[in-house]
Amino acid sequence: MKKIKIISLLLVSIFAISSCDFKVIDWYPIALQVYVESSETGEDLLNPASDMFLGRNAELEYEGERYPLVLNSVVTKEASPRFEGFLLKCRDGKYYLYFGELDGGKGYNTKFTIHWNNNMPEDVIHLRRRVNYSLVKATNKWQLNSKKTDFPIVIKKSTQFSLP
């Protein structure tokens, strides 16, 4: 009888200790990055100094809300995740659209729609994110206008249009 109590106590202790394996996972936040260049010349269409600047009056639609593009963003070192909205940023002399940051610990099956100025065709970006907590791994699949694409996303636009 004493042997059974000791074995039972030992098993309960093992289960108690093994159930205390709490993991705190600090998931890296998600931030959409989109470069836009001319399909003919490769010119950066997000450079505000260019006559072909495409960002004027651009908006991003996400989960039913529209976010106007903020042109006067400050470039800082990104240290802590925070939602900044839809911004025009510059890195190494190249301009890009930025939207985020979103919770990196969540799974997503969502779309981002960029509404351009001058009634240009909108661009739809789809993100499918799967998070595996037990493996501490996340996978992202990106699509641009229903076609698989790499990240950061590069949109090629024809410069054969007129801006207002």
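Q: Help me understand the sheet that holds strand β8 (residues 137–144) in this model?
A: One key point about sheets: their strands pair by backbone hydrogen bonds, in either a parallel or an antiparallel sense. What the six strands build is an open sheet, ordered β3-β2-β6-β7-β8-β9; its pairing is antiparallel. One side of each edge strand has no neighbouring strand; the edge strands of this open sheet are β3 (65–68) and β9 (147–149). Sheet twist, expressed as the average angle between the axes of neighbouring strands with direction ignored, equals 30°.

Q: When you look at the sheet that holds strand β4 (residues 85–91) in this model, what are you seeing that I'm missing?
A: Ordered in space as β4-β5-β1-β10, the four strands form an open sheet in which the pairing is mixed. For this open sheet the edge positions go to β4 and β10 (153–157), each flanked by a neighbour on one side alone. With direction set aside, neighbouring strand axes in the sheet form an average angle of 30°. By the bridge criterion, seven bridges tie β4 to strand β5 (residues 94–102) in an arrangement that is antiparallel. Bridge pairing in β5 links Cys90 to Tyr95.

Q: Just to check I follow, could you spell out the side chain of Asn117 for this structure?
A: With respect to the helices and strands, the residue Asn117 is situated in the loop between β6 (108–115) and β7 (123–132). At 2.8 Å, the side chain of Asn117 forms a polar contact with the backbone oxygen of Arg56.

Q: What am I meant to see in the pairing of strand β1 (residues 30–38) here?
A: Side-chain direction in a regular strand flips from residue to residue, so the side chains alternate between the two faces of the sheet. Burial runs high along β1: nine of the nine residues are buried. Here β1 shows no split at all, with Ile30, Leu32, Val34, Val36 and Ser38 on one side and Ala31, Gln33, Tyr35 and Glu37 on the other all buried. The pairing of β1 with β5 spans five bridges and is classified as antiparallel. Following the sheet pairing, Leu32 is matched in β5 by Phe99.

Q: Just checking my understanding: could you explain the packing of aromatic side chains for this structure?
A: How two aromatic rings sit relative to each other is given by the distance of their centres and the angle of their planes. One pass over the structure, following the stated rule, counts eight aromatic pairs. Between the aromatic rings of Tyr67 and Phe83, the centroid separation amounts to 5.7 Å while the plane-to-plane angle is 65°, which identifies the pairing as edge-to-face. One end of the pair, Tyr67, is in strand β3; the other, Phe83, is in the loop between β3 and β4, with 16 residues separating them in the sequence. The class of Phe83 is partly exposed, set by a relative accessible area of 44%. Summarising the aromatic geometry, the rings of Phe99 and Phe112 are spaced 5.9 Å apart at their centres and angled 70° between planes, so their arrangement reads as edge-to-face. Taken together, the positions of Phe99 in strand β5 and Phe112 in strand β6 put the pair 13 residues apart, joining distant regions of the chain. Taken together, the ring pairs connect Tyr62, Tyr67, Phe83, Phe99 and Phe112 into an aromatic cluster. In this arrangement the basic side chain of Lys89 is found over the ring face of Tyr98, its NZ or CZ atom lying 3.9 Å from the centre.

What counts, and where the lines are drawn
Residues numbered from 1 in each chain as written. Predicted model: local features only at pLDDT ≥ 70, side-chain atom pairs only at ≥ 80, totals over all residues. Heavy atoms only, no water. Pairing = 2+ DSSP bridges. Helix = DSSP H or I, 4+ residues; strand = E, 2+ residues; numbered from the N terminus. Axes fitted to C-alpha atoms, helices over the stretch in contact; angles between N-to-C directions. Polar contact = N/O pair within 3.5 Å; in protein donor to acceptor, adjacent residues only side chain to side chain. Buried < 20%, exposed > 50% of the residue type's maximum accessible area, 1.4 Å probe, protein only. Phe/Tyr/Trp six-rings, centres within 6.5 Å; stacked < 30°, edge-to-face > 60°. Lys NZ or Arg CZ within 6 Å of the ring centre and 35° of its normal.

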